Each structure stands twice: as C-alpha cells, then as structure tokens.
Amino acid sequence: MKIVVCVKQVPATADARIDPETKRIIREGTKAVLNPFDLYAVEEAVRIRERAGGEVIALSMGPENAKNSLIEALSMGADRAVLLCDRAFGGSDTWATGYALSKAIEALGGADLIICGKQAVDGDTAQVGPGIAARLDIMQAANVSKVEDVDPGHIRVCRSNEYGYDLLRLRLPALITVLKDINIPRIPTLKNARKARQADIAVWTPSDIGADPGLIGLNASPTRVVKTEPPALRDSVTLHIDGGEPEKAAAALAGELFGRGLL
Amino acid sequence: MKIQSEQEKSSYKNVWTVAEVANGAVHPVSYELIGAARRLADARGSQVWTVALGCGHTGEAGSLFAYGADKVILVDDSRLEAFNDELECNILQRLTIRYRPEILLCAATSRGRALIPRLAGKLHAGLTADCTGLAIDPGNGDLLQTRPAFGGNIMATIRSSEYRPQMATVRPKVMSAPEPLPGRTGEIIRETVEPGDVFKVKEILQSVRQNGSAVSLGDARIIVAGGRAMKGPEGFVLLERFASLVGGAVGASRAAVDNGWISYPHQVGQTGATVQTDVYIACGISGQIQHLIGMQSCKTIIAIDVDDTTPMMKLADIAVKGDLFEIIPAVIKEIETVKSKQEKA
C-alpha cells in the first residue's frame, strides 16, 4: 500500500490575542505549525501502513520552512517527505494547489491512497483534497470519521454528514479527507523526532513534477483577492448583566433576546 | 475554463443554483441560494436555473419555482438517493459544459463542500467557499464574492474574471430565503443519468441517520454552546433543553468534546465547525482563540459565565455574569413564560 498524505503549514493560533478595541483576533508574529487536521491524516496513514504494509510519503507545498511540518510528519512515522518549493508555485489558489499536488503524486509514480485533513485552518475551504481527486480522476470521500478496512483494491470508510453517516466502498486509488474523531494522533518519541530532523527532505520544482508552467502559481489561479477590509465592527460595547439574582438576570436577558428580535 | 475572448465570455449565461436534496425533500438552504441567485440574475438581466439531483423529489420542483427559479433541471434517479461525489460531479460537469452557466452557487453543506471543489477541479473554474456576500458587476457578469478569511479577521472580496463558470458556496442560514410566490411556474428540463456518468463511481453500502430530529450546527440560526464550566454530560442535557426551546442547535468547546460530554459533530472552533449563525449563546466557554475563530462571525454573541474576565465575556454583545446552573434554568423558565404569553395573545 503506497499512501501519500498531504499536509500544510499554517499560522499558529495558540498565542494569538484579542484586540480590545476591534474585538478581533491579532495573529501577527505567530509562528507556523502543521495544520491541526493533518495530524489525523498522518496518523491514519501510518496506522494503515502498520496493518497493510507499504510506504507513507508526506507531501507539502510551501516555503522552505514548511519542511518543519514535513519533519513532524516524519517523526510520526512517515517514511519520506517531499516539499514543492519554488517561486513559480507562489500565489497558488486552491485550484492551482490541487493541480501541483496531483502532478507531484504522479511524479511519485502514483499512490494507492491519498489522505488529507478535512481542511486547513487558515483558509478553511476544504477544496484542495477534492481538487486533487478531480485532477487524478479518482474516487473521493470527504469527512471520513472511520476507515473500516483496506484491501489491495478497495477501501471501506464511514463518511459523516449532517444526518448521520454513510458507509462507502471506494476502488483504489482513492482520496479521503479525515475528521478529528478518526483517531488520536501519536506523540512522536524523542528518537523518532531526532531521526526526522536528520532526514533528507526532497525539494521539488515545477520541472521535477512535469507541471505545465501555464497551470501553476498565481497565473493559473482562477480566483483573485481584489480587496480586503476589516469585517463590520462588532459593537465594542458589551452589555453587562449581573446574574447575582438569577430571575432578574434571566428577565433582562430574555428581554434583550426578544427585544432585539433574536427569538 | 479560462476565457480566451470576450465572445467566449459572453457565451456563459444565467445564474445556476444546485439544490440540496436529501431523502426526497428540498433542504431550505436551496431557497436561500435561489434568493441570492435571483438578485444576481435580476441585476444582470439573466435567468435563474436550479439543478436538482436526487431521488423521488420530482414533486418538489414547484417550490423551486415559487422561490424564484426560472428553470429547473431535474434528475430523479435511485442512484442519486445518497450523495455520491463522482456521480453528481459527472452529471454537473456534463450539464455545465452543455449549458454554460455564468455563475453556479451551491450550499456549503458537507455535500456541497465535497462536490463543488471536485467540479471546479475538473472544469478549471474559480471557486470561493463560504461566501457571506455576493454581488455582480452588471456589465461583465463578474461575481464579487466576499468571505471571511484568517478566522474572520478580514473580509476578502474575490473575483474570477478570466474564468467561467464562477462558483461559490454559501453556508445555510447566512442568506435569507425570499417570500415564495405560490403558483409561480417555470420550465422543467428533465435529464437522466447517462452511462458515462456512472463510470468510476464509488459504492454506497449503507446510509445511517442517527442525529434524530436535533438541529445540526450547519443548519442552525441559533446555537447554544457549552464549555468546560458545564461540568459534565448533565450540563449538556440542560443546554439541549435550552436549544430546543429556542429552535437552536447545541454546540460545544473542544474541552467539552474531549471530556466526552458531547460528541464531536457538536464541536465549534478550529478543529470543529466554523459557524456564522444569527445568535451564539456561549455558556461557560472561556473563549480560547481556537474556539473564537470558529464563531466570531456570528451576528450576536451572548456569553454566560461566572468569570467576567474571560475573552468570551469580553467579545460578547451581551455578557451575563453568574452561576450557570442558576441562570440557565431561570432563562429557560423566563423564555417559556414569554412564549406562552405570546401564544395566548
């Protein structure tokens, strides 16, 4: 079983603060981490390899320091890692990212199974996984909460939805995106973490993956951000209700809820 | 598709919506999308077409017209009963290539968020997720898509001028449904599942409904959410009463989910759901940044907590300081009283 797990480096949020004036989150100066959902993707990939044998390859696209996220994937048990890193990839939107990653998977000689996290927490789009599956023309299942079993030709998974779940059988090669409740990611051992830091991470350019120069980066990205602005400001005044006397507080809150037309 | 000429660009016409159909019924978000599409189409002088893929939903076409669709493309087939990414994508790909919509809108449900990026990937089309605002440039048909980025810190406006169709997803309850006009009609275009559509399509072995009648986070207008200070599963029983009274869904912080007090589908925040509801009532949630990212785009935030120095109490529009287990039951009782008075009146 050859498994490619796609990971992304994202800005950390743990040390972000709230601006008291605008009531918005300040994230400047925060460090970068592996996208939290990708931990579950890496863990699931390693678990499947531990059962079925084979190889786990961690794949990412990003700046040079995105190697840190790949090192984390290696320390959790990925066998090797590839980083797509080149100025020509810069400015990629989700379409161009999906294209580049699909070309990298082809350059790896294909994969039986591709695993992605449900979404990256910076963009929150959940588009790159299905985008890769589209480009490779393979079956997909998003929001997988459980891998039931894998055999050389198929994978059976539970996919969550708003109503419950579906049990699906996909022919391999296939792509799945995974939710947080699929597993509990392992904490890497010190030995594995050290080994991962010394690992040789392949850095590939567009020509290494045979990418069409017209289909990568900003120029091949259909979407353009044409304007950014701060969100409509939240009323910076908080109405405080003292709950010392619960009935009075309840009446005041209910009065606000009905009065503002919220109920 | 990348557009090569103005002539090619002008060959793309009309605003399409993809209806959300589950168990033979049209989900209300479909009407919200039609409302948004209607405004865009009227500004552009074009039509609203709604694609309804499903099983046993033929009788629902009338409601799509009532809410503003001009044409409905209907595919009613038992193979469309449960959502199958590849099959629905193949059908939509065929239809969009044939009819060339200028814009295609879909619900940002678990189905839409899997289906539309696959379609955009196949078509090399621009796609913007979770739009909170949609406007059109009436001259050239460019869609101006506004969405929160970086956890709601900035609002980004996105265009895909050089590509058609332009695709966007919208979360349920973010846009309001128009008033239906009973008796309004339109043209039904019947399409079928073609042999090529079922090539390389997964098997759906079983579909299990298990959430009962509870409102899911994605469908809610109001969320009543609990955190660590709810102390245990009993605390969430109280919140469920509160939520069902106000017709809302129950949300939770990661701490509450990790403690096993409530299941993961209820988790709001960075590793759970991002929500944009009208009202968010945070009960005993301190407001770690990872949680705030998932809910700070909600319109009105109400916090109830014993500690009024927490980030959530500071972020809130209304902050109630006090004992959760005294205040929440009192609020429930008060709302019940007001509601029963309203019913009598």
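### What about the pairing of strand β1 (residues 15-18) of chain B?
A regular strand carries its side chains on alternate faces of the sheet.
All names here are of chain B.
Point 1. Across the two faces of β1 the burial is the same, with Val15 and Thr17 and Trp16 and Val18 all buried.
Point 2. Bridging between β1 and strand β6 (residues 103-107) involves 4 bridges; their strand directions are parallel. In the strand pairing of β6, Val18 is matched with Cys106.

### Points about the interface of chain A and chain B
Point 1. Chain A puts 87 residues into the contact, and the matching count from chain B is 92 residues.
Point 2. Buried area between chain A and chain B, both sides added, is near 7700 Å², and the carbon and sulfur share of it is 54%.
Point 3. For the pair chain A and chain B, the interface holds 5 salt bridges.
Point 4. We note a salt bridge from Asp85 of chain B to Arg159 of chain A, for which the minimum N-O separation is 3.0 Å.
Point 5. At 10 residues, helix α6 (residues 246-259) of chain A tops the list of elements feeding residues into the side of chain A that touches chain B.
Point 6. Per-class residue counts for the side of chain A that touches chain B are 42 nonpolar, 19 polar and 26 charged.
Point 7. Across 5 bridges, the pairing between strand β14 (residues 224-229) of chain A and strand β10 (residues 154-159) of chain B is antiparallel. Within the sheet, the bridge partner assigned to Thr228 of chain A lies in β10 of chain B and is Ala156 of chain B.

### Brief notes about the domain arrangement of chain A
Point 1. Domain assignment breaks chain A into domain 1 (2-220) and domain 2 (231-263).
Point 2. Here domain 1 of chain A and domain 2 of chain A have C-alpha centroids that lie 43 Å from each other.

### Let's talk about the packing of helix α3 (residues 94-107) of chain A against helix α4 (residues 128-136) of chain A
In helix packing, the relevant descriptors are the interaxial angle and the interaxial distance, both defined with respect to the helix axes.
Residue and element names in this part refer to chain A.
Point 1. Relative orientation of the contacting elements α3 and α4 amounts to 55 degrees, with a least axis distance of 8 Å. Viewed along their axes, α3 and α4 adopt a mutual orientation that is oblique. Where α3 crosses over α4, the handedness of that crossing is right-handed. Taken together, the residues of α4 that come into contact with α3 (itself represented by Thr94, Trp95, Thr97, Gly98, Tyr99, Leu101, Ser102, Ile105 and Glu106) are Val128, Ile132, Arg135 and Leu136.
Point 2. Class assignment for the residues of the contact of α3 with α4 results in 7 nonpolar, 4 polar and 2 charged.

### What to know about the packing of helix α6 (residues 233-245) of chain B against helix α10 (residues 324-344) of chain B
Residues and elements named next belong to chain B.
Point 1. Contact pair α6 / α10: the axes reach a minimum separation of 10 Å and the direction vectors enclose 20 degrees. The angle between α6 and α10 falls in the class roughly parallel. As for how α6 packs across α10, the hand of that crossing is left-handed. Taking contact as the criterion, the partners of Gly235, Leu238, Leu239, Arg241, Phe242 and Leu245 in α6 are, on α10, Phe325, Ile328, Pro329, Val331, Ile332, Ile335, Glu336 and Lys339.
Point 2. Each residue belonging to the contact of α6 with α10 can be placed in one class, and the counts come to 10 nonpolar, 1 polar and 3 charged.

### Remarks on a positive patch on the surface
Point 1. A contiguous patch of positive charge, built from Lys191, Arg194, Lys195 and Arg197 of chain A, is present on the exposed surface.
Point 2. With respect to the helices and strands, Arg194 of chain A occurs in helix α5 (residues 190-198).

### Some details on empty space enclosed by the protein
One simple way to see leftover space: roll a probe sized like a water molecule over the atoms.
Point 1. Throughout the structure, instances matching the rule amount to 3 cavities of 30 Å³ or more.
Point 2. Here the second largest cavity is characterised by a volume of approximately 100 Å³.
Point 3. Surrounding the second largest cavity, 15 residues form its lining, Thr94 and Trp95 of chain A together with Pro117, Ala120 and Gly121 of chain B being those nearest its centre.
Point 4. Where the lining of the second largest cavity is concerned, the elements lending two or more residues are α3 and α4 of chain A together with α5 (112-123) and β7 (126-128) of chain B.
Point 5. Looking at the lining of the second largest cavity, its residues break down into 6 nonpolar, 7 polar and 2 charged.

### Things to note about unusual backbone geometry
Point 1. In this structure, Pro173 of chain A follows Leu172 of chain A across a cis peptide bond, with omega equal to 0 degrees.
Point 2. Turning to its location among the elements, Pro173 of chain A is positioned in the loop between β11 (164-171) and β12 (174-178).
Point 3. Put simply, Arg164 of chain B and Pro165 of chain B share a cis peptide bond, and its omega is -10 degrees.
Point 4. Assignment of secondary structure puts Pro165 of chain B in the loop between β10 and β11 (166-170).

### Points about the domain arrangement of chain B
All names here are of chain B.
Point 1. For chain B, the domain assignment lists domain 1 (6-197) and domain 2 (217-344).
Point 2. Between the C-alpha centres of domain 1 and domain 2 the distance comes to 32 Å.
Point 3. In this complex, domain 1 contributes 11 residues to the contact, which on the side of domain 2 involves 9 residues.
Point 4. With both chains or domains summed, domain 1 and domain 2 bury close to 830 Å², and 38% of this area falls on carbon and sulfur atoms.
Point 5. Here domain 1 and domain 2 share 0 salt bridges between them.
Point 6. A breakdown of the residues in the side of domain 1 that touches domain 2 according to their chemical character gives 3 nonpolar, 5 polar and 3 charged.

### Considering the side chain of Ser46 of chain B
Point 1. Here Ser46 of chain B lies in the loop between α2 (29-44) and β4 (48-54).
Point 2. Setting aside chain neighbours within four positions, we find Ser46 of chain B in contact with Asn14, Val15, Arg38 and Ala41 of chain B.

Analysis parameters
- Residues numbered from 1 in each chain as written.
- Chains lettered and ligands numbered in written order.
- Predicted model: local features only at pLDDT ≥ 70, side-chain atom pairs only at ≥ 80, totals over all residues.
- Heavy atoms only, no water.
- Buried < 20%, exposed > 50% of the residue type's maximum accessible area, 1.4 Å probe, protein only.
- Helix = DSSP H or I, 4+ residues; strand = E, 2+ residues; numbered from the N terminus.
- Pairing = 2+ DSSP bridges.
- Contact = heavy atoms within 4.5 Å.
- Buried area = accessible area lost by both parts, 1.4 Å probe.
- Salt bridge = Lys/Arg side-chain N within 4 Å of Asp/Glu carboxyl O.
- Nonpolar A, V, L, I, M, F, W, Y, C, P; charged D, E, K, R; others polar.
- Domains from an automatic or database assignment.
- Axes fitted to C-alpha atoms, helices over the stretch in contact; angles between N-to-C directions.
- Parallel < 35°, antiparallel > 145°, perpendicular 65-115°, else oblique.
- Left-handed = near helix turned anticlockwise from the far one by under 90°.
- Patch = residues over 30% accessible without salt bridge, like charges linked within 9 Å, V, L, I, M, F, W, Y side chains within 5 Å.
- Areas by Shrake-Rupley, 256 points an atom, 1.4 Å probe, with all protein chains shown as cover.
- Lys, Arg positive; Asp, Glu negative; His and termini not counted.
- Charge placed at Lys NZ, Arg CZ, Asp CG, Glu CD.
- 1 Å grid on protein atoms, 1.4 Å probe; cavity = no way out; pocket = protein on both sides within 12 Å on 5 of 7 lines; lining within 4 Å.
- Points joined across faces, edges and corners; volume = space filled by probe spheres on them.

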